[in-house]
Amino acid sequence: SQRYGFDLTRNEAYQYEGCTGKHTINLLAKRCWHREATDKEWKKIYATKSDIFNSYPKAPPMPGAKELLTKIKAAGFQTVLVTGSGQRSLLVRLNKHFPNIFKTDLMVTSFDVKHGKPNAEPYLRGLAKANVKPWEAIVVENAPLGVRAGTAAHIFTIALNTGPLPDEMLLREGADALFPSMQQFCDQWEQVRSELE
């Protein structure tokens, strides 16, 4: 971020998690440059970010994620991926780590929306793709702006605090429930499911 004159802190990066790259770049450009990035600028910055992201060692799957997704699928629920990312490498990696969990026609990426998180559009598109109503769905989010998007779509939203942000940031955005990790949510999935039913 310093290459482009952005002063992005680690915590702020977690706050923007789930947003489209263009939206995040424009938030930083407005603050640091006092204007939005041009199309040429944001594409260049996003390409730089993607190159750096892809140069790092691949992160292992989050503990509890595969087990939770397997439980959800076994219970007969559809799994819809709603991400602000447009990186093909991420989507390929998700399919590698979680085979037979996500279907291409049940994915909402930055390519599918005009307005990313915190706007409700990504989750509204997810509902449409799954052909379900808001009260028939659950959002599982780990970023404040994603929580805000889920609640804006009127979907019961469970926050998982997988980063350094205080719980209050996730709750303030409207989370209906909060778990300190993916593993803890996985361990309590059956109880959560029975309470929601």
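Residues numbered from 1 in each chain as written. Predicted model: local features only at pLDDT ≥ 70, side-chain atom pairs only at ≥ 80, totals over all residues. Heavy atoms only, no water.

Novice: Which parts of the structure should I look at to understand the pairing of strand β3 (residues 138-141)?
Specialist: Strand residues, when the strand is regular, have side chains that alternate between the two faces of the sheet. Judged by which residues are buried, β3 turns out to be one-sided: V139 and E141 face inward and are buried, whereas I138 and V140, on the alternate face, are not. Where β3 lies against strand β4 (residues 156-160), 4 bridges are found, and the strand directions are parallel. In the strand pairing of β4, I138 is matched with F156. The parallel pair β3 and β4, bridged by helix α7 (residues 144-152), forms a crossover whose chirality is right-handed. (Buried < 20%, exposed > 50% of the residue type's maximum accessible area, 1.4 Å probe, protein only. Helix = DSSP H or I, 4+ residues; strand = E, 2+ residues; numbered from the N terminus. Pairing = 2+ DSSP bridges. Right-handed = clockwise from strand over helix to strand, strands pointing away.)

Novice: How do you make sense of the sheet that holds β4 when you look at a structure like this?
Specialist: Two orientations exist for strands paired in a sheet by backbone hydrogen bonds: parallel and antiparallel. A sheet is described by the order of its strands in space; here 3 strands give the open sequence β3-β4-β5, paired in parallel fashion. The open sheet is flanked by β3 and β5 (177-179), the only strands paired with a single partner. Adjacent strand axes in the sheet meet at a mean angle of 20 degrees when their direction is disregarded. Summarising the sheet, β4 and β5 pair through 3 bridges and their orientation is parallel. Bridge pairing in β5 places I158 opposite A177. The sheet strands contacting α7 are β3 and β4, and the helix crosses β4 at an angle near 170 degrees. (Axes fitted to C-alpha atoms, helices over the stretch in contact; angles between N-to-C directions. Contact = heavy atoms within 4.5 Å.)

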